[in-house]
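Report on the structure
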Amino acid sequence: MSNIIAVIWDFDKTLVDGYMQDPIFEKYSVDAKEFWEEVNSLPDKYWNEQKVKVNKDTIYLNHFINKTKEGIFKGLNNDLLFELGKELKFYKGIPEIFEKTKEIIKQNSTFQEYNIKVEHYIVSTGMKNMIEGSTIKKHVDGIWGCELIQSLDENGNFEISEIGYTIDNTSKTRAIFEINKGINKNPEYDVNAKIKEGNRRVLFKNMIYIADGPSDVPAFSLIKKGGGSTFAIYPKSDLKAFQQVEKLREDNRVDMYAEADYSEGTTTYMWITNKIEELAQNIVNEEKSKLEASISDSPKHLT
């Protein structure tokens, strides 16, 4: 029985207001706006100078590494990224909603009878070490993010020096397939292995994907195609962000959107919790139907 409901979250601008790297800029007194402007100029720079294409979603990692080598982010390593992750400030209702959604299922005797569970995952193009250092780590069942290799500098101290693993807005779909097939729980399986949909650990129709904008269209599309649910977030009073998520709704990329406030009683909170209960009830109904069908198909004996 596929009895798991997976809520899959983007991170930047979805769970936190802004970018997770802000604590890095604050520590090193670096102008964030200037840094991101430089990052945004890199694809054109490398194409014009070398006719080399770069990944727009992850080129920022190279910029962090180069600035570290230049001494701008002197001493930036994975341990420091983890520590800076503790400074991340989340939207209202985070991380409380993670536990409340699980409690909703636990407190329903019918859902417990069918051993239904809610799992939360983060799939981000950001830095995994920072997410793991944040207060949200203990509330989620898995994290996908970019990982950096470190090496010793001239003084024998570790600094980030190479890219180890990346997630971009397209390869987020690979992470979703890993959740779908249970690769994260059974790493000996291959993500490309052929597994019948009904035998997969988390069915797409039992997934909810939550993110903030157009960059997540590949993930939104995958979830929607599989019969899952999608929800978009925008910061309060941000007209541009509102227009982006409204366009996503018009294009049928998302089922619903609301302001980035996950406090109990808000539209966001009610939509997410209601959707989870709806999915749980669907699982119960399907299992009851299967049982009834098996009983009606069993041989009738003479008495």
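Notes on the structure in this doc start here.

The rules behind these values
Residues numbered from 1 in each chain as written. Predicted model: local features only at pLDDT ≥ 70, side-chain atom pairs only at ≥ 80, totals over all residues. Heavy atoms only, no water. Helix = DSSP H or I, 4+ residues; strand = E, 2+ residues; numbered from the N terminus. Buried < 20%, exposed > 50% of the residue type's maximum accessible area, 1.4 Å probe, protein only. Lys, Arg positive; Asp, Glu negative; His and termini not counted. Salt bridge = Lys/Arg side-chain N within 4 Å of Asp/Glu carboxyl O. Axes fitted to C-alpha atoms, helices over the stretch in contact; angles between N-to-C directions. Contact = heavy atoms within 4.5 Å. Nonpolar A, V, L, I, M, F, W, Y, C, P; charged D, E, K, R; others polar. Phe/Tyr/Trp six-rings, centres within 6.5 Å; stacked < 30°, edge-to-face > 60°. 1 Å grid on protein atoms, 1.4 Å probe; cavity = no way out; pocket = protein on both sides within 12 Å on 5 of 7 lines; lining within 4 Å. Points joined across faces, edges and corners; volume = space filled by probe spheres on them. Pairing = 2+ DSSP bridges.

So, the side chain of Asp-168
- If you trace the backbone, Asp-168 turns up in the loop between β4 (158-165) and α8 (172-181).
- It turns out Asp-168 is buried and unbridged, and the closest side chain with the opposite charge, Lys-172, is 8.8 Å from it.

A closer look at the packing of α8 against helix α9 (residues 217-225)
- Contact pair α8 / α9: the axes reach a minimum separation of 8 Å and the direction vectors enclose 35°. Where α8 abuts α9, its residues Thr-173, Ile-176 and Phe-177 lie against Pro-218, Ala-219, Leu-222 and Ile-223.
- Of the residues that constitute the contact of α8 with α9, the class distribution is six nonpolar, one polar and no charged.

What about the packing of aromatic side chains?
- Taken as a whole and judged by the stated rule, the model has 22 aromatic pairs.
- Aromatic pair Phe-11 and Phe-90: ring centres 5.8 Å apart, planes at 85°, arrangement edge-to-face. Placement of Phe-11 in the loop between β1 (4-9) and α1 (22-28) and of Phe-90 in the loop between α4 (78-85) and α5 (96-106) is noted, with a sequence separation of 79 residues between them.
- By relative accessible area, Phe-90 is classed as buried at 17%.
- An angle of 85° between the planes, with centres 5.4 Å apart, marks the rings of Tyr-209 and Phe-220 as edge-to-face. With Tyr-209 in strand β5 (residues 207-211) and Phe-220 in helix α9, this residue pair connects regions lying eleven residues apart in the sequence. Phe-220 carries the same exposure label as Tyr-209, and that label is buried.

A few points about the layout of surface pockets
- What the largest pocket holds in volume is close to 920 Å³.
- Only α2 (32-50), α3 (59-69), β2 (117-127) and α10 (239-250) provide two or more residues apiece to the lining of the largest pocket.
- Sort the elements by how many residues they give to the lining of the largest pocket and α2 lands first, with six residues.
- Across the lining of the largest pocket, the residue classes break down as twelve nonpolar, ten polar and twelve charged.
- The computed volume of the second largest pocket comes to approximately 180 Å³.
- Taken together, twelve residues line the second largest pocket, and the ones lying closest to its centre are Ser-2, Leu-203, Lys-205, Glu-286 and Lys-290.

Some words on the pattern of salt bridges
- Throughout the structure, instances matching the rule amount to 21 salt bridges.
- Between Lys-33 and Glu-37 there is a salt bridge whose closest N-O contact spans 2.6 Å. Here Lys-33 pairs with Glu-37, and both are found in helix α2, just four residues apart, close to one helical turn.
- On the accessibility criterion, Lys-33 (58% relative accessible area) is exposed.

Brief notes about the environment of Ile-295
- Note on placement: Ile-295 falls in helix α11 (residues 267-297).
- Placed 34 residues apart in sequence, Ile-295 and Asp-261 show a C-alpha to C-alpha distance of 47 Å.

A short note on the sheet that holds strand β6 (residues 229-234)
- If you trace the seven strands from one edge of the open sheet to the other, you get β4-β3-β2-β1-β5-β6-β7, paired in mixed fashion. The open sheet terminates on both sides in strands that have one partner only, identified here as β4 and β7 (256-259). In this sheet, adjacent strand axes meet at a mean angle of 30° when their direction is disregarded.
- Judged from the six bridges that link them, strand β3 (residues 142-152) and β4 form a sheet pairing that is antiparallel. Note on β4: the bridge partner recorded for Leu-148 is Ile-163.

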